[in-house]
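Remarks on the overall topology
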Amino acid sequence: MIRHKRNLQTKSRQEHVDEMKQGNDEACMQAHKDQDAEVVCRELGCGPLWLLRGALYGDVEAPVGTKEFQCGGNESALLDCRSSGSARKSCSPGEAVGLTCSEPVRLVGGDSRCGGTVEVKHLGEWRQVVGGDWPLKTAAVVCEHLDCGSAVSVGERKESSERDVWRINHYCVQSGSSLRDCVTPSQSSSSLQTVTCSDSVRLLNGTSVCSGRLEVKSNQSWFSVCQADFDQQDAEVVCRELGCGPLWFLRGALYGDVEAPVGTKEFQCGEPVRLVGGNSRCGGTVEVKDLGKWRPVRGGDWSLKTAAVVCEHLDCGSAVSAGWRKESSERDVWRINPYCVQSGSSLRYCVTPSSSSSLQTVTCSDLLLQPNISASINGVSQDQQQGLRVPKGSSFTISCSIQPQYPGGSFQLTFTSSDGAHNLTQPAVNHSADFLFAAAEPAHQGSYSCVYHVYVFSHNFSCGSGLLSVTVPDLTGLIIRGILLPLVLLLENLVLWFYWKARRGRSLSRPDNIEMVEMIVRVGAAGRGAAEEGGAVGGEEELIGGEEELIGAVLGKEEL
């Protein structure tokens, strides 16, 4: 914050009030009030009083004492004010008066005091400022001095005739010098500088105008906002009001602690930047939104470090290349100073109007869309939300595909199973590839992923799909159990039927006995065959034992 500020010292009327030499009287806070400070600001040619506080700019070594000033507030010099006479009263060094005067700057002709044409008072004269290539970083200084919010936009307006103006060197302002120190007379001009600030919100301590700790202005004072009173929708409104891109992230205590209130909201909006004309949102011509307008960026000597800022804000990975393309005619563009961007300033801070037929292009590493992975069993497509279950011995196919972006390329199917990692590769035909497995085996169980590879823009790019889990359950045991269980139940029913007959005192005839034995043998043979085929040894023994017991009961013997 650059304003005229220092501990107040007084000298005789013939000497400048802002001269500071050892032996001058330090003014005490008890003897100084707002009207006195306003006179000092006026005498220094500064703007209105900004801040008045004791020991604001450090303790002093010189003796502290003063007359008591009694300014009415309209005087042009402090020594024009009435005072308590020659008597001196002392005070502690921590009570020496410190004050801050605002810069003599204002915005006129807008909808509020926080937007309009820039005017600066210099050499006792208010003049408008010649329009030029002001970045937002310079405009932010004006907004700050006017106690407005963050700088939203800069521009210039044309008048019908030329007038006397001031010229402000914005590099001088950005170096930390005051506005008045950066003012020089200019030839008359009809192009005038405009600035728009937000009226009631600002972001502090961030890396750009679009990031930082949120403060809201209420009753002429700035307040932080508590986390409990702020959500994502609120943050999106702030990003929109500041002319920034969509909300990037939102969390508490991101940009430093504050004294009060506790638990403030701090967040970062995305830069209003995009890449257009390419086959994805992560490659193409750079466009930036400023002053409410999307314009391409003038092509130039961008390095990968500058391009990386664009890729980062678009969540597109790292920068792969930066170049430029020619159009047939010139058009209105934004010019972005790459050194400004690399210094840590936001893109919008580094934008100035220009015209050119050379347009900046950027390619980011996340250029490709994510490929898809799908599966089918015996030629029938499957729902794989819960993973894919392929019966042992069945054929299955893993299909990889991607939306059309670039011709050619290849798909790599990677999967990890119990016996290690496997990779299969096929060329992409019509942007897809099918990987056939003739007979599913337990070794095919694992996690599958499709990776698409393509060579474009003199670089190799690749992008992977999500994971597909494949299991190969062995269903043979279940099938055998499904056969054996009904046979065992049938034998048990035959035993029950036989004993029921015996208890009623009825004996079976020999033909009946022979027929019963043959039935038991047939049922047992069918069960043993199924058990042998499935390797169910326990089930086969159980059937043989039940068969022998039942035949013995029929023939009246304990064993066959």
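Note: the structure precedes this text.
Presented here is an overview of the structure given in this document. If you're wondering where the values come from, they're calculated on a predicted model, not measured in any experiment.

**Regarding the state of the cysteines**
Applying the stated criterion across every chain, the model contains 8 disulfides. In this model C71 forms its disulfide with C81; the gap between the sulfur atoms is 2.1 Å. Between C71 and C81 the sulfur-sulfur dihedral comes to about 105°; the bridge is accordingly right-handed. Taken together, the positions of C71 in the loop between β6 (69–70) and β7 (82–83) and C81 in the loop between β6 and β7 put the pair 10 residues apart, joining distant regions of the chain. Note on C71: relative accessible area 6%, which makes it buried. For C172, the disulfide goes to C182, at an S-S distance of 2.0 Å. Residues C172 and C182 share a disulfide whose torsion about the S-S bond is about -75°; that sign makes it left-handed.

**As for the environment of D434**
By secondary structure assignment, the location of D434 is in strand β31 (residues 432–437). Taking the relative accessible area as the measure of exposure, D434 reaches 47% and is therefore partly exposed. Counting along the chain gives 36 residues from D434 to I398, while the straight-line C-alpha distance between them is 5.9 Å. Those residues in contact with D434, other than ones at most four positions away along the chain, are T397, I398, S399 and Q426. A polar atom in the side chain of D434 sits 2.7 Å from the side chain of S399.

**Here we look at helix α1 (residues 34–43)**
Within the sequence span of α1, burial applies to D36, A37, V39, V40 and C41. Within two residues after α1, G45 carries a phi angle of roughly 75°, on the positive side.

**Notes on the pattern of salt bridges**
Taken as a whole, this structure holds 10 salt bridges when the rule is applied. We note a salt bridge from E327 to R325, for which the minimum N-O separation is 3.4 Å. Taking the relative accessible area as the measure of exposure, R325 reaches 33% and is therefore partly exposed. Residues participating in the shared-partner salt-bridge network are R157, E159 and R163.

**Notes on the packing of aromatic side chains**
Going through the model one piece at a time under the given rule, you end up with 5 aromatic pairs. Between F411 and Y452 the ring centres are 5.1 Å apart and the planes differ by 45°, which places this aromatic pair in the tilted class. You can see F411 sitting in strand β29 (residues 410–417) and its partner Y452 sitting in strand β32 (residues 446–456), a full 41 residues away along the chain. For Y452, a relative accessible area of 2% corresponds to the buried category. On the basis of an interplanar angle of 10° and a centroid distance of 4.5 Å, the ring pair of F415 and Y448 is categorised as stacked. Within this pair, whereas F415 is found in strand β29, its partner Y448 is found in strand β32, the two being separated by 33 residues in sequence.

**Things to note about helix α4 (residues 232–241)**
Restricting attention to buried positions, one finds in α4 the residues A235, V238 and C239. Down the axis of α4, the buried set is contained in an arc of 100°. They therefore lie on one face. In α4, those exposed residues whose orientation departs by more than 90 degrees from the buried face are Q233 and R240. Backbone nitrogen of Q233 and a side-chain oxygen of the N-cap are separated by 3.3 Å at the start of α4; the cap is D231. Positive backbone phi, at 75°, marks G243, one or two positions downstream of α4.

**A look at the environment of R389**
Note that R389 resides in strand β27 (residues 388–389). For R389 and P473, which are 84 residues apart along the polypeptide, the C-alpha to C-alpha distance reads 7.1 Å. With sequence-adjacent residues up to four places away left out, R389 is seen in contact with I377, T471 and P473.

**Considerations on the side chain of R127**
With respect to the secondary-structure elements, R127 resides in strand β12 (residues 125–129). Since its relative accessible area comes to 16%, R127 is described here as buried. Within the local environment of R127, its side chain forms a polar contact with the side chain of E125, the two groups lying 3.2 Å apart. Sequence-distant contacts of R127, defined by excluding residues within four places in its chain, comprise V118, E119, V120, D164, V165 and W166.

**Thoughts on the sheet that holds strand β28 (residues 396–401)**
Reading across from one edge, β26-β25-β28-β31 is the order of the 4 strands in this open sheet, with antiparallel pairing throughout. Strands at the two margins of the open sheet, each flanked by one partner only, are β26 (380–381) and β31. Bridge count for strand β25 (residues 372–377) against β28 is 6 bridges, and the pairing is antiparallel. Paired with S374 across the bridge in β28 is S399.

**Overview of the nonpolar core**
Judged by nonpolar contacts, the single largest core of 50 residues is most densely connected at I168, V195 and I336. The element best represented in this core is helix α2 (residues 136–145), accounting for 6 residues. With residues up to four places along the chain from it excluded, the contact list for I168 reads V120, V129, W134, V173, L179, C182 and V183. Judged by nonpolar contacts, the second largest core, of 31 residues, contains L367, C400, A428 and F461.

**Topic: unusual backbone geometry**
One non-glycine residue, D315, lies in the positive phi region at around 55°. By the secondary structure assignment, D315 is in the loop between α5 (304–313) and β23 (319–336). The phi dihedral of N378 is positive, around 55°, even though this residue is not glycine. With respect to the element layout, N378 can be found in the loop between β25 and β26.

Rules behind the numbers
Residues numbered from 1 in each chain as written. Predicted model: local features only at pLDDT ≥ 70, side-chain atom pairs only at ≥ 80, totals over all residues. Heavy atoms only, no water. Disulfide = S-S within 2.5 Å. Helix = DSSP H or I, 4+ residues; strand = E, 2+ residues; numbered from the N terminus. Buried < 20%, exposed > 50% of the residue type's maximum accessible area, 1.4 Å probe, protein only. Contact = heavy atoms within 4.5 Å. Polar contact = N/O pair within 3.5 Å; in protein donor to acceptor, adjacent residues only side chain to side chain. Salt bridge = Lys/Arg side-chain N within 4 Å of Asp/Glu carboxyl O. Phe/Tyr/Trp six-rings, centres within 6.5 Å; stacked < 30°, edge-to-face > 60°. Arc of directions from axis to C-beta. Pairing = 2+ DSSP bridges. Core = buried A, V, L, I, M, F, W, Y, C linked by side-chain atoms within 4.5 Å.

None of this, on its own, says anything about what the molecule does.
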